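Structure assessment
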Amino acid sequence: MLAPVMTHSRNSVRGSAGPAVLLALLLLILVGVTVVLFASHAYSPPSPITAEGRLTDQQYGRTLWVAGVIFILAQLALAYAALRFRDRGRPARFIRGNNALEVVWTLATVVLFVGLSVMGRRAWADARLGAAPADAVQIEVTTTQFVYTFRYPGPDGKFGRLDPNLVSASTGNPLGLDPNDAAGKDDIVVPVLTVPANRPVELLIRSQDVVHNFFVRELRLQQDAVPGMVIPVNFTADRVGRYEIVCTQLCGQGHNTMRSFLNVVPEPEYESFLKQQAVGQ
Amino acid sequence: MSAGSAVSAAPESARRAIPTSLEAPTGFVRRYIFSTDHKVVGLQYFFLSLTAVLIGVVLSLLMRFHLVWPTAHLPFVRGGIMTPEQYLALVTLHGTIMVFFVLTTAPQNGFGNYFLPLQIGAPEMAFPRLNSISFWLTFAAFLCLLATCIVPGGGPISGWTAYPPLSGLGEVTGPGEGIGQTVWIVSILIFCAGSLLSSVNFIATIIDLRAPGMTLGRMPLTVWAWFVTAISILLAFGVLLAGGVLLLLDRSAGTNFFLPAGLVVSGQVQAHAGGSPLLWQHLFWFFGHPEVYIAILPGMGVVSQVLATFSRKPVFGYRAMAGSLCAIGLLGFVVWGHHMFVSGMSPYSGLTFSLLTMSIGVPSAIKTFNWLGTLWGGRIRFRSPMLFAMGFVSFFVTGGLSGIFLGQPALDSTLHATYYVVAHFHIVMGVAAIFGIFAATHYWFPKMFGRVMDETLAKLHFWLTFAGAYCIFMPLHFVGIAGGVRRYADFTGVDYLTALLPLHRFVTFAAFATGAAQIIFLYNFFHSLRSGAQAPMNPWDATTLEWTTSSPPPIDNFGGKLPRVYRGPYEYSVPGATVDFLPQNLAIEESRDVQ
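**Overview of the overall build of chain B**
In terms of regular secondary structure, chain B is built from 20 helices and four strands. The globule rule puts the C-alpha radius of gyration for 595 residues at 25 Å, and the 24 Å found for chain B is close to it. Over its C-alpha atoms, taken along the principal directions, chain B stretches across nearly 85 × 50 × 45 Å. When burial is assessed residue by residue, chain B has 63% of its 595 residues classed as buried.

Written out as structure tokens, the structure is:
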């Protein structure tokens, strides 16, 4: 057996307080600046325009409290340990652990984290699980590199048939509408999304080429557009305005140029928008 | 310890078959290039990672520069101004290099190869030649990845996640999606092969080659971490390998695993039908989420070891620490769906994945509490490895807590694919893991090179990097909360993104400053390599077996003998002992002398 080398005195230099104080100071600054920035809401997004969006914000607030308190306590504990337990020449306390403490903090985090997940169910369920009401305005969203195209079914309430072989953006048929299908004759195809305020809207999201995304931060809603799938999402916007739609799923060279607008307009204005477009088609 | 008796160490007879007095090969090529010595292979992995991280950092600085000065002329860019496809190729290359060739390579294969046999008292890895092959496969994969920059069409623009159909159709979907994307996939496949071989080697070594007395319950937590990581690699990279082969077939053999019917790209109808883009996402993230833990678990092991060494205390709750490593490894395989909340996957599975994801916060919290418990009542020596380990704890807390937002589908519905996610994963798997690597580098440098790094420069580097990394990544949370989208080559096309540019400018300045601070590390590393002070056998008064042999260790690690283990890995400040550390190979009768 090799004799262990015992050169113990070398390291027990009673260090200066420098590193302990500096580390504690940096951690304090970290906690302080973070708390101030979060509390000031300086970078909060504009307030949501749907009930589901407001539920999401409430859940965000709850999560921020839980995460914030743990963040502050843990970083401060680290700072305290650095200051309090730096080598002052006293021997360390020999502790292997504490089973009671292990049980307490395990159960506490189970309750907190799983509890948060359970509380957050409603915001998700309200936005995603319910089917759209029967009177919802149906609008189809089609993504292609790097544009959004929106289709309304027109007065007959029916979308016409699409055929990939007929797609031709240059001749004014970006979706490939089949001219032989009567249901498609009155379909309205536009590059900007206009919806009535205070009425349920159901978007049917699809993609022609690669995976894209539909994101409006005021809706607190992102949904990928996946080729081969039609993904429904529904919402009721209750604040009139013009909001930016952006793509958040890397879709190619022009990803950052892929943008459109969501216009939330009062009901009468929506009706006149539809009439105007019907004439144009 | 009962955990140890579950699997006993290999019988003596098996062990005697292993040659313990190896001859060091002579000649540079046999000794440093095609060596089968686990220490040389470990260093090969380490220097490969060091090269990779330097390239990765430079790429990220180019991206940060372009984001805030999108129209500035760059001397080395064709045409002067960086194009969107060049930017996206940087995104892809940066992500791939950092995830695979830095975060997967250095902590596990670099330090793991070097120190696993030393820490369990073995003369070699179980399969030394396989070990060398693993490295050279990884090296080939790296060259292959770099080759994407020079092939016609340039590097792929689909990011490190390579979602089809963007990545599955060839150059019709964009520049770089032709040969560049194919070469990228080949690089990943080779990397997978290397990682799988290496993981088998790690698992076999830990099960079969532990020294007498090195029960599972006496293994250092680093060894536990490498063990769980190796098992995760074995289970995760096999899936990525399969997915990569399918993607390659879709691209080149006309198969339809990920490509559905009716695709129209740039006006051309594609001749594919029957595939599902979501299938790739499931396969990719089934690998991709465990990958996060593959990157961070070895760091957790190192941090536990370093905190104990420099607090002069046993690791608080050793069994809880080993158990939570296993729990994280296991849970890591059932949470991949949280990357796909808004992918079009059933919203009901979103609820299930949320519950599982939030549960993984529990073992992570257990680790944090036990690290604080290890510091509590200690006698902390603020040496550079210790500072980096404490920095790791701080970043792990910060990055872990931002995860409990993203684990909830309702909140992910707005934070997904924003800079909030960028901030989250850079802090928890990037910065924290890198701090783990820095802690390991400073801790084991004397053992690896027989010299000591300059402590003043090491501390200076720590302070600048600790403050700098927070300055880079904290503001990005706010960019994301405001809806700032990631992977954009230019923000000026969207009004509200343009409004966030001042924050981005601050981040870019912080990135350049922090990047510059790394020069201190490089100088200190290479200068100490040549002219640092001679390192003794055990400079930190540490307890694990690697400190009981010379610095650097001889070719057979323990000079013709194998150690016998008598005690747990972290016997610091044991009451009654005259010294504050009892090495693992210190026999009971010998320890009476020091008690």
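**What about helix α14 (residues 384–406) of chain B?**
Helix length check: α14(B), at 23 residues, gives a terminal C-alpha distance of 33 Å against a target of 33 Å (1.5 Å per residue), a fit within 8%. Most of α14(B) sits inside the fold, with 23 of its 23 residues counted as buried.

**A closer look at the interface of chain B and chain A**
Across the boundary between the two partners, chain B contributes 110 residues, which contact 95 residues of chain A. Grouping the amino acids of the side of chain B that touches chain A by side-chain chemistry returns 67 nonpolar, 31 polar and 12 charged.

**Quick look at the domain arrangement of chain A**
All names here are of chain A. When cut into domains, chain A gives domain 1 (17–85 + 102–127) and domain 2 (135–280). Using only C-alpha atoms to locate each centre, domain 1 and domain 2 end up separated by 38 Å. The partner domain 2 presents 11 residues to the 10 residues of domain 1 that form the contact. Of the residues forming the side of domain 1 that touches domain 2, the biggest block, four residues, is contributed by helix α2 (residues 51–84). Split by residue class, the side of domain 1 that touches domain 2 holds six nonpolar, three polar and one charged.

**Remarks on the sheet that holds strand β5 (residues 201–207) of chain A**
Residue and element names in this part refer to chain A. On the basis of which strands lie adjacent, the open sheet formed by five strands has the order β3-β2-β1-β5-β8 and mixed pairing. The open sheet has two edge strands with one neighbour each: β3 (188–190) and β8 (231–235). Across the sheet, the axes of successive neighbouring strands diverge by a mean angle of 25°, strand direction being ignored.

**Observations concerning the pairing of β5(A)**
All names here are of chain A. Burial within β5 is extensive, with five of its seven residues counted as buried. Bridging between strand β1 (residues 137–144) and β5 involves seven bridges; their strand directions are parallel. Residue pairing in the sheet places Ile-139 in a bridge with Leu-203 of β5. Pairing geometry for β5 and β8, over five bridges, is antiparallel. Each residue of the ladder has a partner; that of Ile-205, found in β8, is Ile-231.

**Re the confidence of the model for chain A**
Of the residues in chain A, 94% reach a pLDDT of 70 or more, and the chain-wide mean stands at 92. Across residues 1–13 of chain A, where pLDDT falls below 50, the model places 20 contacts with residues more than four positions away in sequence or in other chains.

**Here's the deal with the packing of helix α4 (residues 38–68) of chain B against helix α19 (residues 501–531) of chain B**
All names here are of chain B. Remark: α4 packs on α19, axes separated minimally by 9 Å, with the N-to-C direction vectors making an angle of 155°. Relative to α19, α4 is oriented roughly antiparallel. Of the two possible hands of crossing, α4 and α19 adopt the one that is left-handed. Side by side, α4 and α19 meet where Val-57, Ser-60, Leu-61, Arg-64, Phe-65, Leu-67 and Val-68 of the first sit next to Leu-501, His-504, Arg-505, Val-507, Thr-508, Ala-511, Phe-512, Gly-515 and Gln-518 of the second. Residues that form the contact of α4 with α19 fall into these classes: nine nonpolar, five polar and two charged.

**Regarding the environment of A:Met229**
Among the secondary structure elements, A:Met229 is positioned in the loop between β7 (221–225) and β8. With 175 residues separating them in the primary sequence, A:Met229 and A:Arg54 have C-alpha atoms 28 Å apart. The contacts of A:Met229, once residues within four sequence positions are left out, are A:Arg206 and B:Gly344.

**With respect to the nonpolar core**
Counting 259 residues, the largest nonpolar core has B:Val303, B:Ala389, B:Phe392, B:Ala432 and B:Ala439 as the members making the most contacts within it. When residues no more than four places from it in sequence are discounted, the contact partners of B:Ala432 are B:Ile296, B:Gly299, B:Phe392, B:Phe395, B:Phe396, B:Gly399 and B:Ile427.

**Comments concerning unusual backbone geometry**
The omega angle of the peptide bond from A:Gln145 to A:Phe146 is -5°, so this bond is cis rather than trans. Structurally, A:Phe146 can be placed in the loop between β1 and β2 (147–152). Note that the residue after B:Ser551, namely B:Pro552, is joined by a cis bond; omega there is -10°. Among the secondary structure elements, B:Pro552 is positioned in the loop between β4 (533–534) and α20 (588–594). Phi is positive for B:Ala417, which is not a glycine, with a value near 60°. Mapped onto the elements of the fold, B:Ala417 is located in the loop between α15 (409–415) and α16 (419–449).

**A short note on helix α6 (residues 105–120) of chain B**
Counting along an α-helix, one turn takes 3.6 residues, and residues three or four places apart therefore face a common direction. Residues and elements named next belong to chain B. Here α6 spans 21 Å end to end across 16 residues, near enough to the 22 Å set by a 1.5 Å rise per residue. Taken as a whole, α6 carries its principal kink of about 55° at Gly-112. With 16 of 16 residues buried, α6 lies mostly within the body of the structure. Directly beyond the C-terminal end of α6, a positive phi value near 75° is found at Gly-121.

**Remarks on the environment of B:Gly159**
Tracing the backbone shows B:Gly159 in the loop between α7 (128–147) and α8 (179–208). On the basis of neighbour counts, which here come to 20 C-beta atoms within 10 Å, the residue B:Gly159 falls in the buried class. B:Gly159 sits 90 residues away from B:Trp69 along the chain, and the two C-alpha atoms are 22 Å apart. Here B:Gly159 is in contact with A:Leu250, B:Val91, B:Thr92, B:Gly95 and B:Arg487, once residues within four sequence places are set aside.

**Structural notes on the packing of α4(B) against helix α5 (residues 84–103) of chain B**
When two helices pack together, their arrangement is given by the angle between the helix axes and by the axis-to-axis distance. Residue and element names in this part refer to chain B. Orientation of α4 relative to α5, taken along the N-to-C sense of each, is 150°, at an axis distance of 9 Å. Accordingly, the angle class assigned to the pair α4 and α5 is roughly antiparallel. α5 is crossed by α4, and the crossing has left-handed handedness. Residues Leu-48, Ser-49, Ala-52, Val-53, Ile-55, Gly-56, Leu-59, Ser-60, Leu-62, Met-63 and His-66 of α4 pack against Tyr-87, Leu-90, Val-91, Leu-93, His-94, Ile-97, Met-98, Phe-101 and Val-102 of α5.

Calculation criteria
Residues numbered from 1 in each chain as written. Chains lettered and ligands numbered in written order. Predicted model: local features only at pLDDT ≥ 70, side-chain atom pairs only at ≥ 80, totals over all residues. Helix = DSSP H or I, 4+ residues; strand = E, 2+ residues; numbered from the N terminus. Rg over C-alpha atoms; globule rule 2.2 N^0.38 Å. Buried ≥ 20, exposed ≤ 12 C-beta atoms within 10 Å, placed from the backbone. Expected span 1.5 Å × (residues − 1). Contact = placed C-beta atoms within 7 Å. Nonpolar A, V, L, I, M, F, W, Y, C, P; charged D, E, K, R; others polar. Domains from an automatic or database assignment. Pairing = 2+ DSSP bridges. Axes fitted to C-alpha atoms, helices over the stretch in contact; angles between N-to-C directions. pLDDT = per-residue confidence, 0-100. Parallel < 35°, antiparallel > 145°, perpendicular 65-115°, else oblique. Left-handed = near helix turned anticlockwise from the far one by under 90°. Core = buried A, V, L, I, M, F, W, Y, C linked by C-beta atoms within 7 Å. Bend = angle between axes of the 7 residues up to and from the residue.

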